[in-house]
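Close look at the chain arrangement
What follows is the residue order along each chain.
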Amino acid sequence: MPVDPAVLEGRALTKVYRMGDVDVHALRGVDLSLYAGELIVLLGASGSGKSTLLNILGGLDIPTTGTVVYRDHDLTSATARELTRYRREHVGFVFQFYNLIPSLTARENVALVTEIADDPLSPEEALGLVGLGERMDHFPAQLSGGEQQRIAIARAVAKRPDLLLCDEPTGALDYQTGIVVLEVIEAVNRELGTTTAVITHNAPVAAMADRVVTLHDGRLTGEVRNERRVAAKELRW
Amino acid sequence: MVRALDRKLFRDLWRLKGQMLTIALVVAAGIAAFVTLRGTYTSIQEARATYYERQRFADVFARVERAPRSLLSRVERIPGVSRADGRVVEPAMVPLADVSEPLRAQISSAGPEELQVLSRLHLRDGRWLEPGRSDEVLVLESFATARKLRPGDRLPLVLNGKKRDVRVAGVAMSPEYVFAIAAGDISPDPERFAVMWMSEEALSATFRMEGAFNMVSVQLQPGASEPAVIDALDRLLEPYGGTGAYGIGWQPSNRAIDGELAQLQSFSTVLPVIFLLVASLLVNVVLSRLVHLQRPEIATLKALGYSDLEVGLHFFQLVIVILMLGAGVGVAVGGYFGDVMVDLYAVYFKFPNLEFRFDGASASAAVVVSVLAALVGAFSAVSSVVRLPPAEAMRPPAPARYRRSIVDLLGLGRAVGPSLHMIVRELQRRPLRTVFSSLAIAVSIGLMVIGGWYYDSIRDLVHTQFHEVMREDVAVAFIEARPARALSDLGHAPGVLAAEGIRVVPVRFRSGHAHRDGAIFGYPERGQLRQLRDRYARLAPLPPDGVVLTEVLAQILGVRPGDSIEVEIHEGQRGKRRLIVAGTVDDAMGLQGHMTAEALASFMNETPKVNLALLRIDPASSETLDARLKDMPYVASVTRRADLLARFESQSANMITTMAAIILLFAATITVGVVYNNARVALSIRARDLASLRVLGFTRGEISAILLGEMGLQVLFALPLGLVFGRWLVVGIASTVDPEQWRMPIVITDRSYAIALSVALIASVLSALLVRRRLDKLDLIGVLKTRE
């Protein structure tokens, strides 16, 4: 077992949505902890509840029942204001569809974060980290999907987050671009020591993790610790 | 450094520039209307206040037959009176050589300049009168300007039947004649109405009024009761032929200003409120859509750690930028129109320093109110989305719920195509937006109906007054009433085809405590040239006995047909008598009683007399007739109907055109703002659907029909509503016109309705075309690829 203490602990998490006239049970009682510095992959088919879990861990959503504790802070009883502070100070997000602001350039999208963070990287540093120092003044629409995702990663890490949460970061990308993006995530985890969680339905990605957790129909169905992390560039699918 | 979020703000603004601009223009129209009307109101009011104060304009006025100057000290002893001033005021005539008929004039006595007590003259040019000189006058500036008179010029003047030549010593303005209108006229005629002043000694001598006065004015002490002073004054003056004192509210010039101010005030409240409501609605519609479209961005910002407040403020800033833009334009345009309006008023109201004063405090208040109105519109749009947990905001919203529409319920489901279903179900899904949009368009149509009515009612009034009521070519007023046979003199004059006489008796109508000053008109039997008509020019019956009162007058007096009223006669032997109200008539202006000549003569205890002769003349011998009239010493004034008409039309034309243009412009702004923004929002909501339909093989025309059909139905719904609303507004606005002076006919021609509808339709079609262009450029692949 790792000696590092848990950074984030989720206990007995459930989540029920109302979509239109239908109740959707996205999580049906999940326990999960994230440990400092690790890279964890959450594996699951679409609809397994993994995005819901990530959103709850990242303070984007609150569970219907259960608790989430970040270090000493109980996020389940946190106010909207406290959740905002949690995201602002500790969490970096990467989404499947990048979620860049289309009316802002690459640099400005990153600046959105650096302007409100305490001790951020500069937008230029962050973009350099993802290898996009050259394309800083392009608008999202002028960039490829992989480039957009790398900007999203730069934006997520620019605040030097404690947690980097990536929701299907390669979901909208082709194989080669996907590998580049995973390499960037890997580098961030290694070089900055950021606790990183990657959600994917793409099983081979699991090989790059310290730990792999499998979700099915809102429940944790398996947890595996990899002996050895495979470098992102060696992944094949 | 510009923050990234602010950059987003400006880029959003730029991307939505069409919508932002149209909303800003609606705001601008509201602020402009306010700045113009309110500024005009304040300008006139302040000009009046300072002018009255500086010239020490009196508070209470009374006419007497003749009272000794010694009476003034008794007037000053009335509790509440601080000062009193007595003058001689008499009618006169100015028979200018190059003008066919003598001009009407009013001449007042004036003491030495430094001893002017109340209602002091403001000398503009030349010098003051030399005491005792009977050949010098001061003339009112508006008359001097109209007749190009300068100090030193000479004028013929008929005073008390005697003609003499006088010299213009100076040109003056007077607070008493800001709005200088001759008795019985409906608008000022500075060319034909001369107001003059002559030295007191000279004028008194001419009218045998030495040591006496026939007009007294009084200044009240602060806090004094006007009615109490009027009562006391009436009692004091009665033995001297007092015709009843009246307060400043009834002073003719001041009353005209009051009437105009009241209208400006109501306009300056109603119009901006309408515009701000529409702007608030538009902000809500557009922002709701924008916020909806930006759900993922909002969620991202929140995921990045921006708080609800920061995100909310971001959208509010957007609104505030639009508002500031609108307010800036509005203040500038309002200032410009304010100048125009005040210039128009300056034609009627003669103040020494009437100029448009930008009312900064009110304008700032208007801007603040419009910001609040828009923020109210923005609040509901923004708050719901901003409050969503970011994860929820990131998911696409649940599919909009549509229901079976009224078309299905009517069993027409099969009969109509899918396009109509889409249109009707969309309208039905957002009933409030549909209703409010239609209402806003209806409001703009309503405003245009007001503009049309403004024009129509004055046309109608002109027609009633100058074609139906006045059927004579020339009206000749006598200095005093003459036996009816005097008419035969005129009837035999060269070129006169027909002559009729009217008896006009100035009176005070009284019933209980209510009283009003006016006149009773006596009409000859079978007279053709003037008949009793209501404001819609319909002939009204004249019973053989009793008096027919103006409806408003009857209401003021609280009497009905069959009741009796007291009538104080303000002419000749005077006295009070009772008279039976035989009926009422809804005539167009003033407060009158109408009787048959016979009934009036018997009421007056006199053999039938006339003081107004109405002539039909042969235009060919008009000049010979003029010469004859000039020689008749008992003629006080000669008025040609055609001249009156031409002057009225030329004066009112400017005002009407300006007002109508302003209203039209503003109303079109609303229509464009509403239709364009709705269409853009509808396009944004429908883009995916429409692109899908295009992929399925629908033509551009067919998808345009779906989108624009929605707008079309809203506009269609608004059209009848607008006309009804317009008429309703007209009735409201007509009621702000002082009913004791005017009863504006509620006449709206089909033409005006048609113009209102056409402008709304044209503005709608233009807006639709703008949106249609975007529809043609719809990116089929792109739209389908992106998620909602």
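Note that the structure is a prediction, hence the values are computed from the model and not measured. (Residues numbered from 1 in each chain as written. Chains lettered and ligands numbered in written order. Predicted model: local features only at pLDDT ≥ 70, side-chain atom pairs only at ≥ 80, totals over all residues.)

1. Brief notes about the sheet that holds strand β11 (residues 246-247) of chain B
Residue and element names in this part refer to chain B. What counts, and what does not: Between any two strands, at least two bridges found by DSSP are needed for them to pair. Strands here are runs of E lasting at least two residues and helices are runs of H or I lasting at least four, both read from the DSSP assignment and numbered beginning at the N terminus. Any pair of residues counts as being in contact when their C-beta atoms, constructed from backbone geometry, are within 7 Å of one another. Every axis in this analysis is a line fitted to C-alpha atoms, fitted for helices over the stretch in contact. Angles between the N-to-C directions lie between 0 and 180 degrees.
Reading across the sheet, the four strands line up as β2-β10-β1-β11 and stay open at both edges, with antiparallel pairing between neighbours. A single partner strand is all that each edge strand has here, and the edge strands are β2 (81-87) and β11. By the bridge criterion, six bridges tie strand β1 (residues 60-68) to strand β10 (residues 212-220) in an arrangement that is antiparallel. Directly across from Phe61, in β10, lies its bridge partner Ser217. Helix α6 (residues 226-237) contacts β1, β2, β10 and β11 of the sheet and is inclined by roughly 10° relative to β1.

2. Thoughts on unusual backbone geometry
Residues and elements named next belong to chain B. Test applied: Exposure criterion: with C-beta atoms placed from backbone coordinates, a residue whose C-beta has 20 or more other C-beta atoms within 10 Å is buried, one with 12 or fewer is exposed, and one in between is partly exposed.
The phi angle at Asn160 is positive, at roughly 50°, despite the residue not being glycine. Residue position: Asn160 is located in the loop between β7 (154-159) and β8 (162-173). Asn160 gets classed as partly exposed once you count the C-beta atoms within 10 Å, which come to 13.

3. Regarding the interface of chain B and chain A
Short version of the rule: Basically, the charged four are Asp, Glu, Lys and Arg, the nonpolar ten are Ala, Val, Leu, Ile, Met, Phe, Trp, Tyr, Cys and Pro, and anything else, Gly included, counts as polar.
Residue-level contacts link 23 residues of chain B with 22 residues of chain A. When contributions to the side of chain B that touches chain A are tallied by element, the ones reaching two or more residues are α1 (4-15), α8 (295-303) and α11 (390-394) of chain B. It is α1(B) that provides the largest number of residues to the side of chain B that touches chain A, a total of seven residues. Taken together, the residues of the side of chain B that touches chain A sort by class into eleven nonpolar, three polar and nine charged.

4. Topic: the nonpolar core
Considering soluble globular proteins, one finds that nonpolar side chains tend to be buried as a cluster. To be explicit about the condition: Core membership is restricted to buried Ala, Val, Leu, Ile, Met, Phe, Trp, Tyr and Cys residues, and these are joined into a nonpolar core through C-beta atoms within 7 Å. All the domain ranges listed were derived from an automatic or database domain assignment.
Membership of the largest hydrophobic core comes to 262 residues, with the highest contact counts inside it found for Ile153(A), Ala154(A), Leu233(B), Val278(B) and Ala279(B). Of the residues that make up this core, three or more belong to each of domain 1 (57-255) and domain 2 (430-469 + 642-788) of chain B. Those residues in contact with Ala279(B), other than ones at most four positions away along the chain, are Ile23(B), Val26(B), Val27(B), Gly30(B), Ser370(B), Ala373(B) and Ala374(B). Grouped together as the second largest cluster of nonpolar side chains are 52 residues, Ala477(B), Val552(B), Ala597(B) and Leu600(B) included.

5. Looking at the domain arrangement of chain B
Annotation of chain B at the domain level lists domain 1 (57-255), domain 2 (430-469 + 642-788) and domain 3 (496-617). Its C-alpha centre places domain 1 of chain B at a distance of 51 Å from the equivalent point of domain 2 of chain B.

6. What to know about the confidence of the model for chain A
What counts is decided by this rule: Residue-level confidence of the predictor is summarised by pLDDT, bounded by 0 at the bottom and 100 at the top.
With 98% of its residues at a pLDDT of 70 or more, chain A shows a mean pLDDT of 89. The element-level mean pLDDT for chain A is lowest in helix α2 (residues 80-90) of chain A, coming to 85, with strand β3 (residues 39-44) of chain A highest at 95.

7. Let's talk about helix α21 (residues 750-776) of chain B
Our working rule: Helix span is expected to be 1.5 Å times the residue number reduced by one.
Here α21(B) contains 27 residues, and its C-alpha end-to-end distance of 37 Å stays within 8% of the 39 Å for a straight helix at 1.5 Å per residue. The inward-facing, buried residues of α21(B) abut α14 (431-469), α19 (641-695) and α20 (700-734) of chain B.

8. A closer look at the sheet that holds strand β1 (residues 6-19) of chain A
All names here are of chain A. In space, the four strands of this open sheet follow the order β2-β1-β4-β5, with antiparallel pairing throughout. Each of the sheet's edge strands pairs with one partner strand only, and the pair in question is β2 (22-35) and β5 (73-74). The strands touched by helix α1 (residues 50-57) are β1, β2 and β4 (65-70); relative to β1, the strand with the most contacts, the crossing angle is about 125°.

9. Considering the environment of Gly161(B)
Residue and element names in this part refer to chain B. Looking at the element boundaries, Gly161 is found in the loop between β7 and β8. Judged by the 9 C-beta atoms lying within 10 Å of it, Gly161 falls in the exposed class. Linking Gly161 and Lys609, residues 448 residues apart in sequence, is a C-alpha distance of 20 Å.

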